[in-house]
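# Results of the structural survey
This is what each chain is made of:
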Amino acid sequence: MPEALYKFVSIPEAQAISLRETACLGSDTVAFTEALGQVVAEDVLAPEPLPPFPASIKDGYAVRFAEGTGDFSVAFEVLAGTLPAKLEPGSIAYITTGAAVPSGADAVVQIENTEQLPPAADGKRRVRIKQAASCAGEDIRPTGSDIKAGAQVLRRGDLIDPAEIGLLATVGASSLKVVKQPLVAVMSTGDELLEPGASQLDGGKIRDANRPMLLAAACSAGCKVMDLGIATDRVGQLEQRLQSAIKGGADVLITSGGVSMGDKDLVKPLLEHHGRVHFGKVRMKPGKPLTFATLDVPCSESIPDSGTEANFSQGTRRMLVFGLPGNPVSSIVTFKLVVLPCLRKMAGWQEPGLRRVHARTQQDIKLDAVRPEYHRATLSWARGPDGADDLQGEFAGASTGGQLSSRLLSMRSANALLELPAAKSVLPAGSTVSALLIEDLGKMPIPEVPPETPGLSSS
Ligand SMILES: Nc1nc2c(c(=O)[nH]1)N[C@H]1C(S)=C(S)[C@@H](COP(=O)(O)OP(=O)(O)OC[C@H]3O[C@@H](n4cnc5c(N)ncnc54)[C@H](O)[C@@H]3O)O[C@H]1N2
Ligand code: MOO
């Protein structure tokens with residue numbers, strides 16, 4: 001059915017429908033070093049306490065707290081990674097940070113609070129404790145004070161960032177169960193498209209921007225990808241690539257182009273032929289013809305029938321298909337708003353939606369009379385009214401300029417989509433709007449600090 005005959009859905013409806021059709025993938029066991037960006041599928045427990053022994057927090061001397069200040073002979077040295085002897089009364093032991101505190105000692109005095117004395121007649125080192133430890137246990141990490149034996153260090157559903165990799169290493173979890181990464185196939189459609197490496201643009205051609213961009217977007221969402229190339233506007237070409245996605249085991253197929261009203265907009269009919277189109281028109285700008293379908297396709301791997309090795313039955317599986325509009329900005333914006341939450345849900349995220357903050361607009365913005373707009377903007381942190389107070393600051397949302405859905409430059413350095421209502425009016429600069437985060441705010445630009453006015457600087 002042509003786009004005109006589809007019922008409009010809103011973006012929240014489109015997100016709810018596509019998420020409802022999306023299931024979390026199964027789990028895989030992987031080496032912990034390969035797990036970055038994935039979601040943990042089982043709780044991870046610490047098999048032993050950390051530190052596994054009482055450990056010194058400082059370079060200094062292991063002492064008996066009750067013996068206080070005075071001159072002591074240094075009985076032995078404890079270096080990190082060695083096993084100490086017992087400390088007898090009346091002596092102290094040199095110790096380095098992280099080394100095991102000898103039994104008999106119950107505090108560590110840092111080097112700064114001691115003084116080297118001339119060696120004793122038997123050649124033993126002697127040290128003066130000038131300032132005693134203030135309590136028993138000072139500068140000692142007790143056994144298990146960082147992590148108790150049996151403690152849950154990662155919970156099912158946690159996302160693995162570098163710190164989690166460090167935790168897995170700490171507890172010796174050399175492999176673990178994680179939710180599988182979705183396999184995402186991407187194709188571009190359109191007779192006008194050339195490979196990005198094409199040196200000349202003759203005869204009405206342009207370079208294919210969407211496929212590399214969407215492959216990169218899927219990669220940065222932690223997915224595995226399959227590049228299906230460019231399909232010309234012919235049913236056979238689209239069909240052949242669809243079959244490649246199915247045979248290749250793709251969980252998701254993303255197409256771009258060919259979803260609007262033209263004679264050559266063939267994606268919707270193709271998806272209707274093979275599966276169920278859940279929506280084909282979304283009340284949003286950019287991205288109106290966004291299309292979502294589910295296809296029940298043969299499993300790429302044969303499933304062994306119970307017990308009999310020789311007998312394999314062919315099951316079916318669900319493949320999601322997102323037909324994104326061809327305009328490059330519409331493609332990437334609909335990817336962020338609708339595809340990304342589904343990829344996250346498949347990968348095991350508990351809260352797959354985009355995060356929302358408030359931002360103050362920096363320019364007047366003309367609103368679209370009919371469609372709510374997702375206006376590309378760069379958020380930065382604006383300081384409070386006196387220009388110095390970070391705690392009273394807020395996000396400033398600067399428009400990336402012309403918002404035509406062909407102008408990919410409007411996505412450059414955009415880290416948020418301002419959610420603007422449809423209205424026949426202009427939203428004045430200084431308005432507070434909600435903004436959906438589409439990039440890591442840790443990379444947002446740092447606003448310049450205004451130069452100090454002479455004579456007004458605070459002391
Ligand atoms: N009569 C109507 N025409 C259009 C309507 C409409 O409601 N009535 N909607 C417009 C809107 S809104 C959009 S968005 C586009 C989407 O169209 P398609 O998804 O069918 O995309 P194409 O027509 O194939 O391409 C649109 C535009 O984008 C360029 N393009 C396509 N693919 C790529 C690519 N891989 N890399 C770079 N650029 C690409 C293409 O050359 C076109 O300029 O439809 C409007 N039309
Ligand atoms: O929906 Mo389109 O993306 O306005 O050009």
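Preceding this paragraph is the structure being described.
Residues numbered from 1 in each chain as written. Chains lettered and ligands numbered in written order. Predicted model: local features only at pLDDT ≥ 70, side-chain atom pairs only at ≥ 80, totals over all residues. Heavy atoms only, no water.

## Focus: the overall build of the chain
- Along the chain, the regular secondary structure elements total 6 helices and 29 strands.
- Scaling as 2.2 N^0.38, a compact globule of 459 residues should have a C-alpha radius of gyration of about 23 Å, whereas the chain reaches 31 Å, well beyond that.
- Taken over the C-alpha atoms alone, the chain extends approximately 100 × 85 × 40 Å along its principal axes.
- Within the chain, the fraction of its 459 residues that count as buried is 44%.
- Contacts in the chain between residues far apart in sequence, at least 24 positions, make up 70% of those at least 6 positions apart.
- Of the accessible surface of the chain, which amounts to about 23000 Å², a share of 54% is contributed by carbon and sulfur atoms.
- Here the chain contributes 46 positive and 52 negative side-chain charges, whose respective centroids are spaced 6 Å apart. (Helix = DSSP H or I, 4+ residues; strand = E, 2+ residues; numbered from the N terminus. Rg over C-alpha atoms; globule rule 2.2 N^0.38 Å. Buried < 20%, exposed > 50% of the residue type's maximum accessible area, 1.4 Å probe, protein only. Contact = heavy atoms within 4.5 Å. Areas by Shrake-Rupley, 256 points an atom, 1.4 Å probe, with all protein chains shown as cover. Lys, Arg positive; Asp, Glu negative; His and termini not counted. Charge placed at Lys NZ, Arg CZ, Asp CG, Glu CD.)

## Things to note about the site of ligand 1
- Around ligand 1 there are 22 residues in total, and Glu192, Asp208, Ala209, Lys288 and Gly326 lie nearest to it.
- Measuring from a nitrogen atom of ligand 1, one finds a backbone N or O atom of alanine 209 at 3.0 Å.
- Contact with the protein chains hides 69% of the accessible area of ligand 1, taken as 870 Å² for the molecule alone.
- Partitioning the shell around ligand 1 into residue classes produces 8 nonpolar, 9 polar and 5 charged. (Near = heavy atom within 4 Å. Polar contact = N/O pair within 3.5 Å; in protein donor to acceptor, adjacent residues only side chain to side chain. Nonpolar A, V, L, I, M, F, W, Y, C, P; charged D, E, K, R; others polar.)

## Let's talk about the sheet that holds strand β9 (residues 126–129)
- With mixed pairing, 6 strands are arranged side by side in an open sheet as β7-β4-β6-β5-β9-β8. Edge positions in the open sheet fall to β7 (107–110) and β8 (114–117), since each of these has one partner strand only. When the angles between neighbouring strand axes are averaged without regard to direction, this sheet yields 40°. (Pairing = 2+ DSSP bridges. Axes fitted to C-alpha atoms, helices over the stretch in contact; angles between N-to-C directions.)

## A few points about the environment of alanine 149
- Along the chain, alanine 149 turns up in the loop between β10 (140–141) and β11 (152–154).
- The spacing of alanine 149 and alanine 46 is 103 residues in sequence and 5.6 Å in space, taken between C-alpha atoms.

## Section: the packing of aromatic side chains
- Applying the stated criterion across every chain, the model contains 4 aromatic pairs.
- With a centroid separation of 5.7 Å and 65° between ring planes, the pair formed by tyrosine 61 and tyrosine 94 is classed as edge-to-face. Of this pair, tyrosine 61 sits in strand β4 (residues 60–63) while tyrosine 94 sits in strand β6 (residues 91–95); the two residues are 33 residues apart in sequence, bridging distant segments of the chain.
- Its relative accessible area of 18% is what places tyrosine 94 among the buried residues.
- Note on phenylalanine 292 and phenylalanine 322: the rings are 5.0 Å apart at their centroids and 35° apart in plane angle, and the pair reads as tilted. Residue phenylalanine 292 is found in strand β19 (residues 291–298), and its partner phenylalanine 322 is found in strand β22 (residues 316–324); the two are separated by 30 residues along the sequence. (Phe/Tyr/Trp six-rings, centres within 6.5 Å; stacked < 30°, edge-to-face > 60°.)

## Some details on the nonpolar core
- Among the nonpolar cores identified, the biggest contains 44 residues, and Ile254, Phe279, Phe322, Phe335 and Leu337 are the most heavily contacted of them.
- At the level of elements, α1 (11–20), β13 (183–189), α3 (210–220), β17 (252–256), β22 and α6 (328–346) are the ones that each hand at least two residues to this core.
- Here this core gets 11 residues from one element, more than from any other, and that element is α6.
- Apart from residues no more than four positions distant in its own chain, phenylalanine 322 is found in contact with Ser18, Val252, Leu253, Ile254, Thr255, Thr291, Phe292, Val338, Val339 and Cys342.
- Ala185, Leu238, Val297 and Met319 belong to the second largest nonpolar core, which has 24 residues in total. (Core = buried A, V, L, I, M, F, W, Y, C linked by side-chain atoms within 4.5 Å.)

## Looking at the packing of α3 against α6
- Where α3 meets α6, the closest approach of the two axes is 10 Å, and the angle between their N-to-C directions is 15°. On the basis of the axis angle, α3 is roughly parallel to α6. You can see that α3 and α6 cross each other, and the crossing is right-handed. Here Asn210, Met213, Leu214, Ala217 and Ala218 of α3 lie close against α6, whose contacting residues are Pro328, Ser331, Ile332 and Phe335.
- Here the contact of α3 with α6 is built from residues that sort into 7 nonpolar, 2 polar and no charged. (Parallel < 35°, antiparallel > 145°, perpendicular 65-115°, else oblique. Left-handed = near helix turned anticlockwise from the far one by under 90°.)

## Regarding the site of ligand 2
- In the vicinity of ligand 2, the residues found are Pro286, Gly287, Lys288, Pro289, Asn327, Ser330, Arg371 and Ser405.
- Contacts to ligand 2 include asparagine 327, whose side-chain N or O atom sits 3.3 Å from an oxygen atom.
- The separation between an oxygen atom of ligand 2 and a polar side-chain atom of arginine 371 is 3.0 Å.
- Across the shell around ligand 2, the residue classes tally to 2 nonpolar, 4 polar and 2 charged.

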